[in-house]
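# Observations on chain architecture
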Amino acid sequence: MSSDNNFTFCPKCGGKSVHFINKYWKCDECQFVLYMNAASAAGLIISDNDNNVLFEIRAKDPGKGMLGCVGGFTDNDETIEENAIRECREEIGIEPINLEYLCSSPNDYHYKGFHYKTCDIYFTAKLPGEGNLKDIVKLDKSEVKGLCFKKIEKQSDIDELPIAFSSFRNALSVWVKKYGKK
């Protein structure tokens, strides 16, 4: 856990004797313990039959202007599959089809001075229909600056891309081993 995750006061009693111990914060005054377990997030690697992968150009930090995938944090009482479908609907206005588990990967997510540890679960998916993507997407401009397709057939196709998150880079490496050029 990064040192940028410091509490000044105990969230339970307001005491000032809060310190980080390995994986949790502890208040010496009331003995309250706050664990910071990894948050779950879903990501979709959406591709066509020619190994063109859909990338989002991120509209905000972390990774503003860099490449990411459709996805985001899991809401309370939501399955990871429901999360993946919801995020796709919210970010690009399309419900994905043929969702299949690909892999999971730990990640570090730095947001507004706080360091989150996440476990990102990646799926492969397709988009419905054969129409022009530009005609069917409805971008959430607060999340997505734009979309682009990149042909991904081998690891070197991934290595030079400005990818926002290490977990997404890892998932693309798994994807290219499974679906890339043999």
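Described in the following lines is the structure provided in the data block. (Residues numbered from 1 in each chain as written. Predicted model: local features only at pLDDT ≥ 70, side-chain atom pairs only at ≥ 80, totals over all residues. Heavy atoms only, no water.)

The secondary structure content of the protein amounts to four helices and ten strands. Overall, the protein shows an N-to-C arrangement of helices and strands of β-β-β-β-β-β-β-α-β-β-α-β-α-α. With the C-alpha coordinates of the protein rotated into their principal frame, the extents come out at 60 × 30 × 25 Å. Taken over 182 residues, the protein has a buried fraction of 41%. Carbon and sulfur atoms provide 49% of the accessible area of the protein, an area that totals close to 10,300 Å². A gap of 4 Å separates the mean positions of the 24 positive and 27 negative side-chain charges of the protein. (Helix = DSSP H or I, 4+ residues; strand = E, 2+ residues; numbered from the N terminus. Buried < 20%, exposed > 50% of the residue type's maximum accessible area, 1.4 Å probe, protein only. Areas by Shrake-Rupley, 256 points an atom, 1.4 Å probe, with all protein chains shown as cover. Lys, Arg positive; Asp, Glu negative; His and termini not counted. Charge placed at Lys NZ, Arg CZ, Asp CG, Glu CD.)

Here we take up the pairing of strand 4 (residues 39–46). Moving residue by residue along a regular strand, the side chains alternate between the two faces of the sheet. Of all eight residues that make up strand 4, six are buried, and the element is covered over most of its length. Here strand 4 runs beside strand 9 (residues 114–126); their pairing, made up of eight bridges, is parallel. Within the sheet, the bridge partner assigned to Gly-43 lies in strand 9 and is Tyr-122. Across four bridges, the pairing between strand 4 and strand 7 (residues 70–73) is antiparallel. By the bridge assignment, Ala-41 is partnered in strand 7 with Phe-73. (Pairing = 2+ DSSP bridges.)

Across the sheet, which stays open at both edges, the three strands sit in the order 6-5-10 with antiparallel pairing between neighbours. Edge positions in the sheet fall to strand 6 (67–68) and strand 10 (144–151), since each has one partner strand and no second. Where strand 5 (residues 52–58) meets strand 10, seven bridges bridge the pair, whose relative direction is antiparallel. Along strand 10, the bridge assignment pairs Glu-56 with Leu-147. Strands strand 5 and strand 6 of the sheet are contacted by helix 4 (residues 166–179), whose axis makes an angle of about 175° with strand 5. (Contact = heavy atoms within 4.5 Å. Axes fitted to C-alpha atoms, helices over the stretch in contact; angles between N-to-C directions.)

Peptide bonds are mostly trans, and most non-glycine residues show a negative phi. Cis geometry is found at the peptide bond from Asp-61 to Pro-62, where omega equals 0°. By secondary structure assignment, the location of Pro-62 is in the loop between strand 5 and strand 6. For Asn-51, which is not glycine, the phi dihedral falls at a positive 65°. The residue Asn-51 is located in the loop between strand 4 and strand 5 in this model.

Counting residues in hydrophobic clusters, the biggest one holds 18 residues, and the most contacted among them are Ile-45, Val-53, Phe-55, Ile-152, Phe-168, Leu-172 and Trp-175. Put simply, the parts of the chain that give this core at least two residues each are strand 5, strand 8 (97–111) and helix 4. With five residues, helix 4 is the largest single contributor of residues to this core. When near neighbours in sequence (up to four residues on either side) are disregarded, Val-53 contacts Ile-45, Ile-46, Ser-47, Cys-148, Phe-149, Lys-150, Ile-152, Leu-172 and Trp-175. With 16 residues, the next largest nonpolar core counts Leu-44, Ile-80, Ala-84 and Val-137 among its residues. (Core = buried A, V, L, I, M, F, W, Y, C linked by side-chain atoms within 4.5 Å.)

Evaluation of the coordinates by the stated rule reveals nine salt bridges. The salt bridge partner of Arg-86 is Glu-90, with a shortest N-O separation of 3.1 Å. You can see Arg-86 and its partner Glu-90 sitting in helix 1 (residues 80–92), four residues apart, about one turn around the helix. Judged by its relative accessible area of 13%, Arg-86 falls in the buried class. Look at Glu-90 and you get partly exposed, because its relative accessible area is 42%. Notably, a salt bridge pairs Asp-108 with Lys-117, separated by 2.6 Å at the nearest N-O pair. One continuous salt-bridge network, built from bridges that share partners, spans Asp-75, Glu-78, Arg-86, Glu-87 and Glu-90. (Salt bridge = Lys/Arg side-chain N within 4 Å of Asp/Glu carboxyl O.)

Treat this as a map of the structure, not an account of what it does.
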